[in-house]
Amino acid sequence: QVQLQACGGGLVQAGGSLRLSCAASGGISRMSMYGMGWFRQAPGKEREFVAAITRFGSSTRYADSVKGRFTISSDYVHNTVNLQMSSLKPEDTAVYYCAADPKGWALSSAGSYDYWGQGTLVTVSS
């Protein structure tokens, strides 16, 4: 079983920054072979795509709502994927989940990811 652990969530004021990290272990022998994604779910809303990075870190994709504010990156030496969030807005408040795609495609659809982390809560106050 692949294990993913997301951390870095917390309380931040609007306009602030926060960095989330996702560490992989267990069945992931080499994270570079996986596509990695970040999703979030706000209270009363469905889980939505945030950002993803493809196998080998060859390309990235972002939801329109976070383009220019969030940056996804991978650190294969430490087997982690990060999400740097800046210019945070109250509407960014959600539980953020990292996910792994063995196919390496890192699509925006949650159904394309096989493994999920527990999630970390990000709260943005106004």
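See the structure printed just above.
Note on numbering: residues in each chain are counted from 1, in written sequence order. Only residues with pLDDT of at least 70 get local features here, since the model is predicted, and only at 80 or more are side-chain atom pairs given and counted; chain-wide, interface and lining totals rely on the full set of residues. With hydrogens and water set aside, each side-chain value is computed from the structure's full complement of heavy atoms.

**Section: the environment of Phe-39**
1) Next: Secondary structure elements follow DSSP: runs of H or I of four or more residues count as helices, runs of E of two or more count as strands, with numbering from the N terminus. With respect to the element layout, Phe-39 can be found in strand β4 (residues 35-41).
2) Next: Each C-alpha atom of the pair Phe-39 and Val-50 lies 5.0 Å from the other, and the pair is 11 residues apart in sequence.

**Observations concerning the pattern of salt bridges**
Any two side chains of opposite charge can pair, so long as their charged atoms come close to each other.
1) Next: Any carboxyl oxygen of Asp or Glu within 4 Å of a side-chain nitrogen of Lys or Arg constitutes a salt bridge here. Under the criterion given, the structure shown has 5 salt bridges.
2) Next: Note that Glu-48 and Arg-40 form a salt bridge whose closest N and O atoms lie 2.7 Å from each other.
3) Next: Since its relative accessible area comes to 28%, Glu-48 is described here as partly exposed.
4) Next: Note on exposure labels: buried denotes an accessible area under 20% of the residue type's maximum, exposed denotes more than 50%, and partly exposed covers the range between, all computed with a 1.4 Å probe on protein chains only. Taking the relative accessible area as the measure of exposure, Arg-40 reaches 5% and is therefore buried.
5) Next: Here Arg-69 ties to Asp-92 by a salt bridge, and the two come within 2.8 Å at their closest N and O atoms. Highlighted residues: Arg-69 in the loop between β6 (60-62) and β7 (70-75) and Asp-92 in the loop between β8 (80-85) and β9 (94-101), separated in sequence by 23 residues. In terms of burial, Arg-69 and Asp-92 fall into one category: buried.
6) Next: Salt bridges linked by common partners bring Arg-40, Glu-48, Arg-69 and Asp-92 together as one network.

**Re the nonpolar core**
Note that soluble globular proteins tend to have their nonpolar side chains buried in a common cluster.
1) Next: Here, nonpolar core means buried Ala, Val, Leu, Ile, Met, Phe, Trp, Tyr and Cys residues that are tied together by side-chain atoms lying within 4.5 Å of each other. Formed by 36 residues in total, the largest nonpolar core has its most connected members in Met-36, Trp-38, Leu-83, Met-85 and Tyr-96.
2) Next: Elements with a contribution of two residues or more to this core: β1 (2-7), β3 (18-26), β4, β5 (48-53), β7, β8, β9 and β11 (120-125).
3) Next: Any two residues whose heavy atoms approach within 4.5 Å at even a single point are treated as in contact. Those residues in contact with Met-85 that sit more than four places away from it in its chain are Gly-16, Ser-17, Leu-18, Leu-20, Arg-69, Phe-70, Tyr-96 and Val-122.

**Focus: the sheet that holds β1**
By way of backbone hydrogen bonds, the strands of a sheet pair with one another, either parallel or antiparallel.
1) Next: Overall, antiparallel pairing links the 4 strands, which are arranged β1-β3-β8-β7 in an open sheet. The open sheet terminates on both sides in strands that have one partner only, identified here as β1 and β7. Ignoring strand direction, the axes of neighbouring strands in this sheet form an average angle of 15°.
2) Next: In the sheet, β1 pairs with β3 via 6 bridges, with the strands oriented antiparallel. In the strand pairing of β3, Gln-3 is matched with Ser-25. Paired strands are those between which DSSP finds at least two bridges. Structural elements are reduced to axes, namely lines fitted to C-alpha atoms, with helices fitted over the stretch in contact, and the angle between N-to-C directions of any two is expressed from 0 to 180 degrees.

**Overview of the state of the cysteines**
1) Next: Disulfides are defined in this document as cysteine sulfur pairs within 2.5 Å. Going through the model one piece at a time under the given rule, you end up with 1 disulfide.
2) Next: Across the disulfide from Cys-22 sits Cys-98; the S-S distance is 2.1 Å. The sign of the 60° torsion about the S-S bond sets the Cys-22-Cys-98 disulfide as right-handed. With Cys-22 in strand β3 and Cys-98 in strand β9, this residue pair connects regions lying 76 residues apart in the sequence.
3) Next: No disulfide involves Cys-7; its sulfur sits 8.4 Å from that of Cys-22, the nearest cysteine.
4) Next: Taking the relative accessible area as the measure of exposure, Cys-7 reaches 43% and is therefore partly exposed.

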